[in-house]
Amino acid sequence: MPTLSMFMDVPLVHKLEGSLLKAYKQDDYPNKIFLAYKVCMTNEGHPWVSLVVQKARLQISQDPSLNYEYLPTVGMKSFIQASLELLFGKHSQAIVENRVGGVHTVGDSGAFQLGVQFLRAWHKDARTVYIISSQKELHGLIFQDMGFTVYEYSIWDPKKLCMDPNILLNAVEQIPRGCVLVIGNIIDCKLTPSEWAKLMSMIKSKQIFPFFDIPCQGLYTSDLEEDTRILQYFVSQGVEFFCSQSLSKNFGIYDEGVGILVVVAVNNQQLLCVLSQLMRLAQALWLNPPNTGARIITSILCNPALLGEWKQSLKEVVEKATLTKEKQVEYLVRKKHIYIPRNSQINFSCVNANNIHYITESINEAVLFTEGSEKCLPKETNP
């Protein structure tokens, strides 16, 4: 008689995250192309890794003084300190006042897993979460699994083809008192001083708790300080908040999945209380975080020479991408009469059966142009 499985009622989940990549790998077509990578890619089609990371890996592998004991639950303290200084600046007033701290987390979503568990336990009146970003975020799934009601707003205006700060301000204006506000990738959303003041006034008056996401500091503008300017403003206003700081993408160590849940409190006493509760929760989640990625990052951030090389590598990646994109956009506008914004973000509803062939041919020419193959291009044509 067959044994009944206790899992017999568990259904198969279709369209798992990564199913598109799985289909791509199984495709035997020789000229297949995958355009949905979540990492920076080189011209050769490989994940980008900062050269200084390779140096740091080699130094660590040859260091006989290292031990491989379990890290404490809070994580590698030197890594946390270096990461906080990267985020806020070495001479940040909040760091000097000891009201900023963090817990070493696992994976890109580990900080959200930990932070959401804390909010569920200690922010019991807040069961509604608003996520504001320029793209679809996965954080909502974590909040939903913890019993929160989630609303999402995109600050990308498809009509204006740009980030619209009014969408952010209008959304916060509608948010109810005492909820959680997740602020994602909004680096391109430029607010005026008066708009910043209005945003801060609403957050304070409504007692909204901000939860920031900084997934790749330095890879937006190549300016580490500019990419976290919004955090500096909130710190200067004395606002308490959480921040998920991922350090995998900007160092090119995607397989390590290393980050921090950052806590900003009003004083050191409150900070220590929050960190103690977070460590208790972390014990149940992963107990001890892995140290390889943290060691690599710490060795770079704490070495002036390696730090300088890393900053330069970020600058080169961003400048190359920006320069190439601007040249391609300029070519499309001037030579092919295809008008798109300089950030190259387009509204795909404008693409139809009548123009798609001309658009794809033109994009191909623009790419060849930026690769220095201008002499091989066909003569200009009209759509």
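To start, this report covers the structure provided alongside it. (Residues numbered from 1 in each chain as written. Predicted model: local features only at pLDDT ≥ 70, side-chain atom pairs only at ≥ 80, totals over all residues. Heavy atoms only, no water.)

1. What to know about the overall build of the chain
Helix and strand counts for the chain come out as 13 helices and 9 strands. Taken across its 383 residues, the chain has 42% of its residues classed as buried. Considering only contacts in the chain between residues 6 or more positions apart, those separated by 24 or more positions represent 71%. (Helix = DSSP H or I, 4+ residues; strand = E, 2+ residues; numbered from the N terminus. Buried < 20%, exposed > 50% of the residue type's maximum accessible area, 1.4 Å probe, protein only. Contact = heavy atoms within 4.5 Å.)

2. Overview of helix α10 (residues 268-285)
In this model, α10 (18 residues) spans 25 Å end to end at C-alpha, consistent with the 26 Å of a helix rising 1.5 Å per residue. Three or more residues of α10 are buried, namely L271, V274, L275, L278, L281 and A282. Buried residues of α10, seen end-on, are gathered within an arc of 125 degrees and therefore sit on one face of the element. Exposed side of α10, more than 90 degrees from the buried face: Q269 and A284 are the residues found there. Each element contacted by the buried residues of α10 is listed here: β1 (100-106), α5 (110-122), β8 (241-246) and β9 (258-264). For α10, the N-terminal capping position is held by N267, with its side-chain oxygen 3.2 Å away from the main-chain nitrogen of Q269. Following α10 by one or two positions, L287 adopts a phi angle in the positive range, close to 65 degrees. (Expected span 1.5 Å × (residues − 1). Arc of directions from axis to C-beta. Polar contact = N/O pair within 3.5 Å; in protein donor to acceptor, adjacent residues only side chain to side chain.)

3. Re the pattern of salt bridges
Pairing is possible between side chains that carry opposite charge, provided their charged atoms lie close to one another. For the coordinates displayed, the defined rule picks out 6 salt bridges. For E226, the salt bridge identified is with R229, shortest N-O distance 2.9 Å. Between E365 and K336 there is a salt bridge, with the nearest N and O atoms lying 3.4 Å from each other. Linking E365 in helix α13 (residues 356-370) with K336 in the loop between α12 (304-334) and α13, this pair joins segments that are 29 residues apart in sequence. Overall, the relative accessible area of 7% leaves E365 in the buried class. (Salt bridge = Lys/Arg side-chain N within 4 Å of Asp/Glu carboxyl O.)

4. Some points on helix α9 (residues 229-236)
Spacing of three or four residues puts side chains on the same side of an α-helix, whose turn is 3.6 residues. Residues of α9 that are buried: I230, L231, F234 and V235. Angular distribution of buried residues about the axis of α9 spans 135 degrees; they occupy a single face of the element. Taken from the residues just after α9, G238 is the one with a positive phi, measuring 70 degrees.

5. Here's the deal with the nonpolar core
Residues F88, F143, V172, F234 and W310 are the most contacted members of the largest nonpolar core, which totals 96 residues. The dominant element in this core, judged by the number of residues it contributes, is helix α3 (residues 77-88), at 7 residues. Discounting chain neighbours no more than four positions away, the residues touching F234 are W196, L199, M200, I203, P210, F212, V239 and F241. Among the nonpolar cores identified, the runner-up in size contains 6 residues, and Y331, L332, Y358 and I359 belong to it. (Core = buried A, V, L, I, M, F, W, Y, C linked by side-chain atoms within 4.5 Å.)

6. Some words on the packing of aromatic side chains
This structure, assessed with the given rule, holds 15 aromatic pairs. Measuring from ring centre to ring centre gives 5.4 Å for F143 and F148, while their planes differ by 90 degrees; the resulting arrangement is edge-to-face. Each member of the pair, F143 as well as F148, carries the same accessibility label: buried. Aromatic side chains F251 and W310 sit 4.3 Å apart centroid to centroid with 5 degrees between the ring planes, which places their arrangement in the stacked category. Taken together, the residues F251 in the loop between β8 and β9 and W310 in helix α12 connect sequence positions 59 residues apart. An aromatic cluster is defined as three or more aromatic residues linked by ring pairs; in this entry it consists of F112, F118, F143, F148, F209, F211 and F242. (Phe/Tyr/Trp six-rings, centres within 6.5 Å; stacked < 30°, edge-to-face > 60°.)

7. Concerning unusual backbone geometry
Located in the positive-phi region is Q207, a residue other than glycine, with phi close to 55 degrees. Here Q207 lies in the loop between α8 (193-205) and β7 (209-214). Its identity is not glycine, yet H337 carries a phi of approximately 60 degrees, on the positive side. The class for H337 is partly exposed, based on a relative accessible area of 39%.

8. Comments concerning the packing of α3 against helix α11 (residues 292-301)
Two quantities define a packed helix pair, namely the angle between the helix axes and the distance between the axes. In contact at an axis separation of 9 Å, α3 and α11 are set at 55 degrees when each is read in the N-to-C sense. The angle between α3 and α11 falls in the class oblique. Between α3 and α11 the crossing geometry is left-handed. Between α3, through S78, F79, A82, S83 and L86, and α11, the contact on the second element is made entirely by A294, I297, T298 and L301. Looking at the contact of α3 with α11, its residues break down into 6 nonpolar, 3 polar and no charged. (Axes fitted to C-alpha atoms, helices over the stretch in contact; angles between N-to-C directions. Parallel < 35°, antiparallel > 145°, perpendicular 65-115°, else oblique. Left-handed = near helix turned anticlockwise from the far one by under 90°. Nonpolar A, V, L, I, M, F, W, Y, C, P; charged D, E, K, R; others polar.)

This is a description of form; function is not addressed.
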